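# Report on the structure
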Amino acid sequence: MYDRIGWTGDGPGPPVECVEPFDHDVHRLGSALVVTVGGEIDLLTAPAFAHCLLENMPGAPVLVADLGAVGFMGACGVEVLREVADRAVAQGVALRLVVGTAVRATLRATRMLGEFEMYPSTEDAAAGRADPRGRAIS
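Description of the structure in this document. (Residues numbered from 1 in each chain as written. Predicted model: local features only at pLDDT ≥ 70, side-chain atom pairs only at ≥ 80, totals over all residues. Heavy atoms only, no water.)

So, on to the pattern of salt bridges. Scanning the model with the defined rule gives 3 salt bridges in all. Between Arg82 and Glu79 there is a salt bridge, with the nearest N and O atoms lying 3.1 Å from each other. With Arg82 and Glu79 both in helix α2 (residues 75–91), this residue pair falls 3 residues apart, about one helical turn. A relative accessible area of 37% places Arg82 in the partly exposed class. Judged by its relative accessible area of 22%, Glu79 is partly exposed. Across the pair Glu117 and Arg96 runs a salt bridge, and its minimum N-O distance is 3.7 Å. Of this pair, Glu117 sits in strand β7 (residues 117–119) while Arg96 sits in strand β6 (residues 94–99); the two residues are 21 residues apart in sequence, bridging distant segments of the chain. A relative accessible area of 13% places Arg96 in the buried class. (Salt bridge = Lys/Arg side-chain N within 4 Å of Asp/Glu carboxyl O. Helix = DSSP H or I, 4+ residues; strand = E, 2+ residues; numbered from the N terminus. Buried < 20%, exposed > 50% of the residue type's maximum accessible area, 1.4 Å probe, protein only.)

Let us look at the packing of helix α1 (residues 46–55) against α2. Where α1 contacts α2, the axes come no closer than 10 Å and their chain directions differ by 25°. The angle between α1 and α2 places the two elements in the roughly parallel class. The two elements α1 and α2 meet at a crossing, and its hand is right-handed. Where α1 approaches α2, its residues Ala46, Phe49, Ala50, Leu53 and Leu54 are matched on the opposing element by Cys76, Gly77, Val80, Leu81, Val84 and Arg87. Counted by class, the contact of α1 with α2 contains 9 nonpolar, 1 polar and 1 charged residues. (Axes fitted to C-alpha atoms, helices over the stretch in contact; angles between N-to-C directions. Parallel < 35°, antiparallel > 145°, perpendicular 65-115°, else oblique. Left-handed = near helix turned anticlockwise from the far one by under 90°. Contact = heavy atoms within 4.5 Å. Nonpolar A, V, L, I, M, F, W, Y, C, P; charged D, E, K, R; others polar.)

Turning to the side chain of Asn56, a few remarks are in order. Mapping Asn56 onto the fold places it in the loop between α1 and β5 (62–73). Exposure remark for Asn56: the relative accessible area of 13% places this residue in the buried category. Among the polar contacts made by the side chain of Asn56, one reaches the main-chain carbonyl oxygen of Cys52 at a distance of 2.6 Å. (Polar contact = N/O pair within 3.5 Å; in protein donor to acceptor, adjacent residues only side chain to side chain.)

See below:
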């Protein structure tokens, strides 16, 4: 089944493959599932980006999206993050981001910088380590 950002995770998988210049890797870190993404997130790759996050959400109490190696993210990538965050809340999954300069710039430009839990590293995100003031580091 599809919605405005792509595959919802229901029914057969999408006819979307991760296309260049988008790449990803998935691994466990403690109880967290880490999806490391690199390359570019734009109109061409946003559906694959959504699919990569959504397919790994079920059964993960914590989903870490490590976007530190993303060289470009368009506004469509922010929309994907918003939709994934909404689904994470509905499924009781903690969505945590690790971002680099490109993603941070896009989040700032779209006025979404404070809308996500962001951490300086995958280890901090997986552990939910907060800064001394008791909140996620953004």
